[in-house]
Amino acid sequence: MTEQSQDIRDRQRRRQVSLRDAFAVFVRKPSPWIIAGLLAAALAGRFATGDWQPTDALVPVVMLALFPLAEWVIHVCVLHWRPRTIGRVTFDSLLARKHREHHADPRIADLVFIPWQTFLWLLPVLVAIAALAFPRIGLGLTFLVVIGALGLAYEWTHHLIHTDYKPRTRIFKAVWRNHRLHHFKNEHYWFTVTSSGTADRLLGTYPDPAAITNSPTVKSLHARGAVG
């Protein structure tokens, strides 16, 4: 097979990716199952606990409003963390290392998802917050339910953006374009994943793409003079 015919076949394959195809890959990764397990356990606990109050309806509203800001902060401060060495110790988290690999090749599906090792500490932290940061256990369980739902939405959206599925709705086109600009134009802007023009606009990282130059380090984060 010639290189040209292979390229044609690759383009045809990319145009044929459906939501069903993308979902078949999604369910084979560990993080969606871990998050779904959290969501199922939290839902079961919430209905078993009862004690429904108006504040249970307020929790998802507040969390939805803050989620773009949380995405932005995590993306900037955790995923784009620059390795730092103090004495003989280098501080460089698994999430930051995996994210650099993700930028180097955004098409590798395994690097799109939250590493399963992260949940070894993240789940206990979330449970501790639910148990200690809320005035009643029912409200804490509501928090876990919303976290589970938002986590699944994040993983699915991020995964779908990095597949060859073509956006069909206006909202997803905007989200798709926003994240693609971050990966293929300039890694210093467009940090939200499940929304566009929200936290980025508020925090000054949502410029006109035409006014921004292509970054030479978009695929090699923190490198000096690297070619993207």
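Owing to the predicted nature of the structure, the values given are computational and were not obtained by experimental measurement. (Residues numbered from 1 in each chain as written. Predicted model: local features only at pLDDT ≥ 70, side-chain atom pairs only at ≥ 80, totals over all residues. Heavy atoms only, no water.)

### Topic: the layout of surface pockets
Rules: Cavities and pockets were defined on a 1 Å grid built from protein atoms only: a cavity is a group of points that admits a 1.4 Å probe but offers it no way out, a pocket is an open group of points flanked by protein on both sides within 12 Å along at least five of seven lines, and a lining residue is one with an atom within 4 Å of any such point. Grid points are joined across faces, edges and corners, and a volume is the space filled by probe spheres set on the points. By the criteria applied, helices consist of DSSP H or I runs no shorter than four residues and strands consist of E runs no shorter than two, each listed in order from the N terminus. Amino acids are sorted into nonpolar (Ala, Val, Leu, Ile, Met, Phe, Trp, Tyr, Cys and Pro), charged (Asp, Glu, Lys and Arg) and polar (every other residue, Gly among them).
A volume near 900 Å³ is recorded for the largest pocket. Every residue lining the largest pocket is counted, 37 residues in all, and those nearest its centre are F67, I74, I114, L122 and Y154. Taken together, the elements giving at least two residues each to the lining of the largest pocket come down to α3 (30–49), α4 (54–79), α5 (94–104), α6 (119–132) and α7 (137–161). With 10 residues, α4 is the single largest residue contributor to the lining of the largest pocket. When grouped by side-chain class, the residues that make up the lining of the largest pocket number 27 nonpolar, seven polar and three charged.

### As for the environment of R20
Mapped onto the fold, R20 is located in helix α2 (residues 19–26). Taking the C-alpha atoms as reference points, R20 and Y165, separated by 145 residues in sequence, lie 10.0 Å from one another.

### Topic: the packing of α6 against α7
To characterise two packed helices, one gives the angle between the axes of the helices and the distance between these axes. Heads up, the rule is: Fitted lines through C-alpha atoms give the axes, limited to the stretch in contact for helices. The angle between two N-to-C directions lies from 0 to 180 degrees. Crossings are classed by handedness, with left-handed meaning an anticlockwise turn of the near helix from the far one by less than a right angle and right-handed meaning a clockwise turn. Contact criterion: two residues are considered in contact whenever any of their non-hydrogen atoms come within 4.5 Å of each other.
The interhelical angle for the contact between α6 and α7, taken along N-to-C directions, is 145°, at an axis separation of 7 Å. Here α6 runs over α7; the crossing is right-handed. The residues of α7 that touch α6, namely those facing L126, V127, I129 and A130, are G140, F143, L144 and I147.

### Side note on the UniProt feature "domain: Fatty acid hydroxylase" (unreviewed entry) in the chain
Put simply, the rule is: UniProt positions are given in the numbering used here, feature names are shortened, and annotations may be inferred rather than shown by experiment.
With numbering matched to this structure, UniProt assigns "domain: Fatty acid hydroxylase" (unreviewed entry) to residues 61–205. Annotated as 61% helix and 4% strand, the span residues 61–205 places its first and last C-alpha atoms 24 Å apart.

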